[in-house]
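Architecture and fold: a report
Residues per chain, in single letters:
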Amino acid sequence: MRILILGGDGYLGWPTAMRFSNRGHEVHVVDDYLRRRAHVEAGTDSLTPILPGLPERVEAWTDVTGNEIGFTEGDLCDWTVAERVFREFQPEAVVHYGEMPSAPYSMKDREHAVFTQTNNVVNTLNVLFAIEAFAPDAHLVKLGTMGEYGTPNIDIEEGFIEINHNGRSDYLPFPKLPGSFYHLSKVHDSHNIHFACRVRGLRATDLNQGVVYGIETEETALDDRLVTRFDYDDVFGTALNRFCVQAVIGHPLTVYGKGGQTRGYLNIVDTLQCVELAVLHPAEPGEFRVFNQFTEQFSVMELAEHVQKAGAEVGLDVVVHPIDNPRVELEEHYYHATHTKLLDLGLRPHLLSDALVESMFAAIERHRGRINLEHILPRDRWRPGVGAPSA
């Protein structure tokens, strides 16, 4: 199968590209290095040392495995880039990771909020038009987020919910209560993709993913040159990844507020499983599917306590120290989300365990010298009126 991976230089995109290539698919990746530029802007970097760019990464992949991955360095917000890639590669499946993926980044100021929504919404619109024009039978597998739903006081269904109102009923998209300008951009994407399926006859699967953790996959373990990036800072680092770094360096775990914020979590290995299952079992023409992509639910405090327990097993004195919450969010709430569709397709979850956390400790310790202590604590606040507005 010809599989186009957008955002193929990223934390998830690069391991996904290697997985499909390793399984005999023809793979092409696109990236404009947005994440790398954002880290340069902030003065941060990946904990794991990654190669300078896609030319070096695909060369290393070929050197190690003999397999090839094609690549394009370019911005999908530029229609000429999207047009050329789709016209020349003619994908049968499109895996779309290619967006700015950080809620804190989007909440920094006006400039970052506008960039987030422009970048994410425009590039996805270009992808939809490119599929229609050059690969109308291609299946779009789009990485969404569980954050689209927010934290409603009812069970979260997988994308749709039956509504009964004034004696009539309909099966409608589940209401969205996103908590940041980033999550709002994902909601806009979902609406645009749903519209393109209903009106243009495209086929798409929206993967509303939970919080991902982990460093290693089957392919990244083959050679040090194939590692994926690992972010631990307050802007791009996800909760468990951040907590594990903090535990290794002896920094108190930065639980925000009361720590009751509950979310779905999954291992990076399961992200690759889920994407592969979606690609190999495509939606029908005109169909818009939504899969809730996570394996377990934890509150932030439960996650911190898990890291503390795992740390004790290997002799780390891990302290949990809640700090004032820089975000605007409910710190105690109901949370129960359905996630059965991927299990029905054959997902075999890798659940969080002390052994997994301990293996993350070991990987982090190897790169301890790369940790920038100035970027452990959050630097931006989401509350209105705090800080000067961007010009």
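Our structure is the block above this text.
Worth saying up front: this structure is predicted, and the values here are computed from it rather than measured.

What counts and what doesn't
The written sequence of each chain sets the order in which its residues are numbered from 1. Given that this is a predicted model, residues contribute local features only at a pLDDT of at least 70 and side-chain atom pairs are listed and counted only at 80 or more, while totals for whole chains, interfaces and linings are drawn from all residues. Computation of side-chain values: all heavy atoms of the structure, hydrogens and water removed. By the criteria applied, helices consist of DSSP H or I runs no shorter than four residues and strands consist of E runs no shorter than two, each listed in order from the N terminus. Atoms counted for the radius of gyration: C-alpha only. Globule rule: 2.2 Å times the number of residues to the power 0.38. Each residue's exposure class comes from its accessible area (1.4 Å probe, protein chains only) as a fraction of the maximum for that residue type: buried when under 20%, exposed when over 50%, partly exposed otherwise. Contacts are residue-level and defined by heavy atoms, with any inter-residue pair within 4.5 Å sufficient. Note on charges: Lys and Arg go in the positive column, Asp and Glu in the negative column, and His and the chain ends are not counted at all. Where a charge sits is defined by one atom per residue type, namely NZ (Lys), CZ (Arg), CG (Asp) or CD (Glu). If DSSP finds at least two bridges between two strands, the strands pair. To define axes, lines are fitted to C-alpha atoms, for helices over the stretch in contact only, and angles between the resulting N-to-C directions are given on a 0 to 180 degree scale. Clockwise travel from the first strand over the helix to the second, with the strands pointing away from the viewer, marks a crossover as right-handed. A 1.4 Å probe that fits but cannot get out identifies a cavity on a 1 Å grid over protein atoms alone, an open set with protein on both sides within 12 Å along at least five of seven lines counts as a pocket, and a residue lines either if it has an atom within 4 Å of a point. Grid points are joined across faces, edges and corners, and a volume is the space filled by probe spheres set on the points. In the scheme used here, Gly and all other residues not listed as nonpolar or charged are polar, with Ala, Val, Leu, Ile, Met, Phe, Trp, Tyr, Cys and Pro taken as nonpolar and Asp, Glu, Lys and Arg as charged. The definition of a polar contact used here is a pair of N or O atoms within 3.5 Å, where within protein one atom must be able to donate a hydrogen and the other to accept one, and adjacent residues in sequence count solely through side-chain atom pairs. By convention in these notes, a salt bridge is any Lys or Arg side-chain nitrogen within 4 Å of a carboxyl oxygen on Asp or Glu.

1. Some points on the overall build of the protein chain
- Assigned secondary structure in the protein chain consists of 12 helices and 12 strands.
- The C-alpha radius of gyration computed for the protein chain amounts to 20 Å, which stays within 12% of the reference 21 Å derived for 391 residues, consistent with globular compactness.
- Seen through its principal axes, the protein chain has C-alpha atoms that stretch 65 × 55 × 50 Å.
- Buried residues in the protein chain amount to 55% of all 391 residues.
- A fraction of 82% describes how many contacts in the protein chain between residues 6 or more apart in sequence connect residues 24 or more apart.
- Side chains of the protein chain carry 34 positive and 56 negative charges; the gap between the two charge centres is 3 Å.

2. Quick word on the sheet that holds strand E2 (residues 26–31)
- In spatial order, the strands read E3-E2-E1-E4-E5-E8-E11; together these 7 strands make up an open sheet with parallel pairing. With one partner strand each, in any of the chains shown, strand E3 (69–73) and strand E11 (288–293) form the two edges of the open sheet. Here the average twist between neighbouring strands, direction ignored, is 20 degrees.
- Against the sheet, helix H1 (residues 13–22) contacts strand E1 (2–6), E2, E3 and strand E4 (93–96), and its axis sits at roughly 170 degrees relative to E1.

3. A closer look at the pairing of E2
- E2 sits mainly inside the fold: 5 of its 6 residues count as buried.
- Each parallel crossover has a hand, and the one from E1 via H1 to E2 is right-handed.
- Here 5 bridges tie E2 to E3, and the two strands are oriented parallel to one another. Within E3, the residue paired with His28 across the bridge is Gly70.

4. Section: the layout of surface pockets
- Each pocket or cavity is described by its volume, and for the second largest pocket that value is around 390 Å³.
- At the level of secondary structure, the elements contributing two or more residues to the lining of the second largest pocket comprise helix H9 (268–280) and helix H12 (354–366).
- Ranked by residues supplied to the lining of the second largest pocket, first place goes to H12 with 6 residues.
- Residue composition of the lining of the second largest pocket, grouped by class: 10 nonpolar, 7 polar and 4 charged.

5. Here's the deal with the side chain of Thr271
- Examined against the element boundaries, Thr271 turns out to sit in helix H9.
- On the basis of relative accessible area, Thr271 is assigned to the buried category, the value being 0%.
- A distance of 2.8 Å separates polar atoms of two side chains, one belonging to Thr271 and the other to Gln209.
- With residues near it in sequence (within four places) discarded, Thr271 still touches Leu12, Tyr97, Gln209, Val212, Leu266 and Gln293.

6. Re the pattern of salt bridges
- Under the counting rule described, the total for this entry stands at 26 salt bridges.
- When the shortest N-O distance is used, the salt bridge between Asp9 and Arg36 registers 2.7 Å. Taken together, the residues span a long stretch of sequence, with Asp9 in the loop between E1 and H1 and Arg36 in helix H2 (residues 34–42) at a distance of 27 residues.
- A residue is classified by how much of its surface remains accessible, and Asp9, at 4% relative accessible area, is buried.
- What makes Arg36 buried here is its relative accessible area of 17%.
- By sharing partners, the salt bridges in this structure join Arg19, Arg23, Glu218, Glu219 and Glu276 into a single network.

7. What to know about the pairing of strand E5 (residues 139–145)
- Burial analysis of E5 places 7 of its 7 residues in the buried class, which makes it a mostly covered element.
- Here E5 shows two buried faces, one formed by His139, Val141, Leu143 and Thr145 and the other by Leu140, Lys142 and Gly144.
- Pairing of E4 with E5 involves 4 bridges; the strand directions are parallel. By the bridge assignment for E5, His96 is matched with Lys142.

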